[in-house]
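# Analysis of the macromolecular model
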Amino acid sequence: MKDITWFAGLSTLGALFAIAIGVILPALAMGRSISQALDALARQPEAEKPVSRLLFIGLAMIESLAIYVLVVVLIVLFRNPLLEYVLK
């Protein structure tokens, strides 16, 4: 096999690993934050509005991290300058 074929395969595996880590960790963080919010609501039901507001803001920020990982991995995977040699 050519060296560039190995490079393309390894970069694809690296991208898969990065997206797996970049999605699993925010998912765990979202689960933990929802769990903590439900615990806070069980202790103080009258604090529903501030807790829900902060929960939704936090969930949006956590979800944006996963989207950033996806965008960066796609950019690295499809705009890799070394892969242009494969087409020649």
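Here the structure is a predicted model, which is why all the values come from computation and not from measurement.

If you tally the helices and strands in the protein chain, you get 3 helices and 0 strands. Starting at the N terminus and ending at the C terminus, the protein chain contains elements arranged as α-α-α. Across the 88 residues that make up the protein chain, the buried fraction comes to 15%. The long-range fraction of contacts in the protein chain, counting pairs at least 24 apart against all pairs at least 6 apart in sequence, stands at 75%. When the accessible area of the protein chain is evaluated, it comes to approximately 7,000 Å², of which 73% is carbon and sulfur surface.

Moving on to the nonpolar core. Core analysis: the biggest nonpolar cluster contains 5 residues, these being Ala-37, Ala-47, Val-51, Leu-55 and Leu-59. If we skip the residues at most four places from it in the chain, Leu-55 touches Ser-33, Ile-34 and Ala-37.

What counts and how
Residues numbered from 1 in each chain as written. Predicted model: local features only at pLDDT ≥ 70, side-chain atom pairs only at ≥ 80, totals over all residues. Heavy atoms only, no water. Helix = DSSP H or I, 4+ residues; strand = E, 2+ residues; numbered from the N terminus. Buried < 20%, exposed > 50% of the residue type's maximum accessible area, 1.4 Å probe, protein only. Contact = heavy atoms within 4.5 Å. Areas by Shrake-Rupley, 256 points an atom, 1.4 Å probe, with all protein chains shown as cover. Core = buried A, V, L, I, M, F, W, Y, C linked by side-chain atoms within 4.5 Å.

Nothing here speaks to function; it is geometry throughout.
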